[in-house]
Amino acid sequence: MTDEQTAQPSTARVTYRLARARDAADQAEVFYHAVMQGAATRYTLAQRRAWANALPREASAWSARQALYTTLVASCDGRCVGFIELDVPAGRVVTLYVWPSLSGRGIGTTLLIHAERWLLEQGVDRIYIEASLTLYERLLRRGWQNLGEQWVERGGEPLQRFRLQKRLNAVET
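Rules and cut-offs
Residues numbered from 1 in each chain as written. Predicted model: local features only at pLDDT ≥ 70, side-chain atom pairs only at ≥ 80, totals over all residues. Heavy atoms only, no water. 1 Å grid on protein atoms, 1.4 Å probe; cavity = no way out; pocket = protein on both sides within 12 Å on 5 of 7 lines; lining within 4 Å. Points joined across faces, edges and corners; volume = space filled by probe spheres on them. Helix = DSSP H or I, 4+ residues; strand = E, 2+ residues; numbered from the N terminus. Nonpolar A, V, L, I, M, F, W, Y, C, P; charged D, E, K, R; others polar. Buried < 20%, exposed > 50% of the residue type's maximum accessible area, 1.4 Å probe, protein only. Pairing = 2+ DSSP bridges. Axes fitted to C-alpha atoms, helices over the stretch in contact; angles between N-to-C directions. Parallel < 35°, antiparallel > 145°, perpendicular 65-115°, else oblique. Left-handed = near helix turned anticlockwise from the far one by under 90°. Contact = heavy atoms within 4.5 Å. pLDDT = per-residue confidence, 0-100. Arc of directions from axis to C-beta.

Visitor: Explain the layout of surface pockets here, please?
Guide: Regions of empty space are outlined by a rolling probe, equal in size to a water molecule, passed over the atoms. Roughly 1,000 Å³ of internal volume is contained in the largest pocket. Mapped onto the lining of the largest pocket, the elements with two or more residues apiece are α2 (24-38), β4 (92-98), α5 (107-121), β5 (126-132), α6 (133-141), β6 (145-154) and β7 (157-167). Partitioning the lining of the largest pocket into residue classes produces 23 nonpolar, 12 polar and 11 charged.

Below, the structure is given as structure tokens:
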């Protein structure tokens, strides 16, 4: 996805594009708030604190991640409000987070659609994710297949998640 391919009319509030270095500070905040607020109904405060502390709340850390993963962002009024990190060779979604007050508006779904298209263009035919309880049911409704429950430890706290996959199909338009 290039800036030219994702250019939206000036009236569009949310646009989707490849991440830029200046998005890193916003990514840190989106991650932190998505975990601390967005996951509040599914995980305990101790679990959310451990999860949020698993990645630094510093722009430099998220900028470094942009070098490791293909990162697509949802931008609103010039600020990153959601993002998805892809390990393209593995066909895996590493992270997917949306600012909590914007949850349920299709931003995460649209990021996934762009990610799926990106992976297809790279010759990947399956996409995988380790989904939190927050995301799990939404992905099942979108046709993802459950490969099993997993438990991971973050800061001494057990966190439940599910490994999911989806076959990618090119659609003629």
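So that's the structure; there's more coming.
Visitor: What is the right way to read the pairing of strand β3 (residues 79-87) from this model?
Guide: Regular strands show a simple pattern: their side chains alternate between the two faces of the sheet. Buried residues dominate β3, accounting for 7 of its 9 residues. Here strand β2 (residues 70-76) pairs with β3 via 7 bridges, running antiparallel. Across the sheet, residue Leu-72 finds its bridge partner in β3, namely Ile-84. Hairpin geometry of β2 and β3 is characterised by an intervening segment of 2 residues between the two adjacent antiparallel strands and by a positive phi of about 50° at Asp-77. Summarising the sheet, β3 and β4 pair through 6 bridges and their orientation is antiparallel. Across the sheet, the residue bridging to Gly-82 is Val-98, located in β4. The turn linking β3 back onto β4 is made up of 4 residues, and Gly-91 within it adopts a positive phi angle of 65°.

Visitor: Quick question: what am I supposed to make of the packing of α2 against helix α3 (residues 45-52) here?
Guide: Between two packed helices, what matters for the description is the angle formed by their axes and the separation of those axes. For the pair α2 and α3, interaxial distance at closest approach is 9 Å and the crossing angle is 165°. If you check the angle between α2 and α3, you find them roughly antiparallel. Classified by chirality, the crossing of α3 by α2 is right-handed. Residue-level inspection shows Phe-31, Tyr-32, Val-35 and Met-36 of α2 in contact with α3, the latter providing Leu-45, Arg-48, Arg-49, Trp-51 and Ala-52. Split into classes, the residues belonging to the contact of α2 with α3 amount to 7 nonpolar, no polar and 2 charged.

Visitor: Help me understand the confidence of the model for the protein chain, please; the structure alone is not making it clear to me.
Guide: In low-pLDDT regions, the fine details of the predicted coordinates are not to be read closely. For the protein chain, mean pLDDT is 91; residues scoring 70 or higher make up 91% of the total. Long-range and interchain partners of residues 2-11, a stretch whose pLDDT sits below 50, account for 7 contacts in this model, where long-range means more than four residues apart.

Visitor: Got a minute to help me understand α6 in this structure?
Guide: Note: α-helices contain 3.6 residues per turn, so residues at a spacing of three or four share the same orientation. Within the span of α6, buried status applies to Leu-133, Leu-135, Tyr-136 and Leu-139. Viewed end-on, α6 has its buried residues packed into an arc of 150°, placing them on one side of the element. The elements touched by buried residues of α6 are β4, α5, β5, β6 and β7.

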